[in-house]
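Geometric and topological summary
Listed here are the chains, written in short residue letters.
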Amino acid sequence: MAMTLTTPNTILGAFQPKGEAAKLAANLAIVVLGTLLLTIAAKISVPVWPVPVTLQSMAVAGLAAAFGARIGVATVALYILEGFSGLPVFASGGGAAYILGPTGGFILGWIPMAWVIGRAADRGASGSFPRLFGWMVVGDAISFALGFAWLIALSGSAGWIDQSNVIGDAFAKAVQPFIVWDLLKLAFAALTVVGGWQLIKSRKD
C-alpha cells in the first residue's frame with residue numbers, strides 16, 4: 001500500500017525511503033506536518049467577510065503538487081477533520097459550526113482541488129510550469145465553484161448578502177475579489193514546486 005501513496009514524479013516520491021514500513025511512517029508524518037502548514041497558512045489572513053483572505057489556496061496547491069493526489073487529499077482531509085473536531089486550525093477558529101458557515105464550501109472544495117493538482121503532479125506536471133499552473137487553476141476553479149454554490153445555498157436571510165441580488169452579491173463579495181490574488185498565489189506555488197523538481201533532477205543527473 002505504501003508504494004502506491006505517491007509516485008516518483010513528485011517531490012515527496014523522490015525522497016521516499018526504501019523500506020515499506022519506513023515509507024508508510026514517512027507518509028503519515030508528512031500528512032501531519034502538512035496539516036500544520038495549512039494551519040499556519042490559515043492564520044496569515046485578512047479577516048474580511050464572509051470569506052477571509054488567506055494563504056491556504058497556495059498551501060493546498062503546493063502540497064498537492066509536491067505530495068501527489070493521495071497524500072495531498074489525505075493531508076487536506078485530516079486538516080478538515082481537525083477543524084471539524086474543534087481544533088482552532090481555520091482562519092478564525094474551528095468546530096462544526098465553522099465548517100457549516102459561509103467558508104465551508106471553499107474548505108471542502110480543497111479536497112477535489114488537491115486531487116486534481118495531485119493527479120497532475122503524479123503524471124509528471126511538476127516538470128512544466130505552464131502545465132502545473134494550468135492544473136492548479138482548474139483545481140482552484142473547482143474549489144471556487146463549490147464555495148460559491150455553498151454560499152448561495154446558505155444565503156437565505158443572511159444579513160451579509162443583498163437578498164435582491166443573491167447571486168451577483170455573493171460573487172462580488174466572495175469570488176471576484178479573490179481571483180487575481182489566487183492566480184498570483186498559484187503562480188508562486190507552481191514556480192516553487194517546479195523549481196524544487198528541477199533542482200532534484202539536476203542533482204540526480
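For the structure, check the block above.
Keep in mind that what you see is a predicted model, and the values were worked out from it rather than measured.

Once that is clear, we can look at the packing of aromatic side chains. A full pass over the atoms with the stated rule returns five aromatic pairs. Both rings, one in Phe129 and one in Phe133, keep their centres 5.5 Å apart while their planes meet at 10°; by these two values the pair is stacked. Of the two residues, Phe129 and Phe133 both sit in helix H7 (residues 129–155), four residues apart, roughly one turn of that helix. Owing to a relative accessible area of 28%, Phe129 belongs among the partly exposed residues under this scheme. An aromatic cluster of at least three residues, connected via ring pairs, comprises Tyr79, Phe90 and Tyr98.

Closest axis-to-axis distance for the H7/helix H8 (residues 166–174) pair is 10 Å, and the angle between their directions is 130°. By the angle between their directions, the pair H7 and H8 is classed as oblique. Here H7 runs over H8; the crossing is right-handed. Contacts between H7 and H8 pair Phe144, Phe148, Leu151, Ile152 and Ser155 from the former with Val166, Ile167, Ala170, Phe171 and Ala174 from the latter.

Relative to each other, helix H3 (residues 56–67) and helix H4 (residues 69–84) sit at 145°, their axes nearing to 7 Å. Touching Gln56, Val60, Leu63, Ala64 and Phe67 of H3 are Ile71, Gly72, Thr75, Val76 and Tyr79, all from H4.

In this structure, Tyr79, Ile117, Leu132 and Met136 are the most contacted members of the largest nonpolar core, which totals 42 residues. At the level of secondary structure, the elements contributing two or more residues to this core comprise helix H1 (11–14), helix H2 (20–43), H3, H4, helix H5 (96–99), helix H6 (104–122), H7 and helix H9 (176–204). No other element matches the nine residues that H3 contributes to this core. Leave out the neighbours within four places in its chain, and Tyr79 touches Thr35, Leu38, Thr39, Ala42, Gln56, Val89, Phe90 and Trp110. Counting residues in hydrophobic clusters, the runner-up holds eight residues, among them Phe106, Phe148, Ala174 and Val175.

Reading guide: rules and limits
- Residues numbered from 1 in each chain as written.
- Predicted model: local features only at pLDDT ≥ 70, side-chain atom pairs only at ≥ 80, totals over all residues.
- Heavy atoms only, no water.
- Phe/Tyr/Trp six-rings, centres within 6.5 Å; stacked < 30°, edge-to-face > 60°.
- Helix = DSSP H or I, 4+ residues; strand = E, 2+ residues; numbered from the N terminus.
- Buried < 20%, exposed > 50% of the residue type's maximum accessible area, 1.4 Å probe, protein only.
- Axes fitted to C-alpha atoms, helices over the stretch in contact; angles between N-to-C directions.
- Parallel < 35°, antiparallel > 145°, perpendicular 65-115°, else oblique.
- Left-handed = near helix turned anticlockwise from the far one by under 90°.
- Contact = heavy atoms within 4.5 Å.
- Core = buried A, V, L, I, M, F, W, Y, C linked by side-chain atoms within 4.5 Å.

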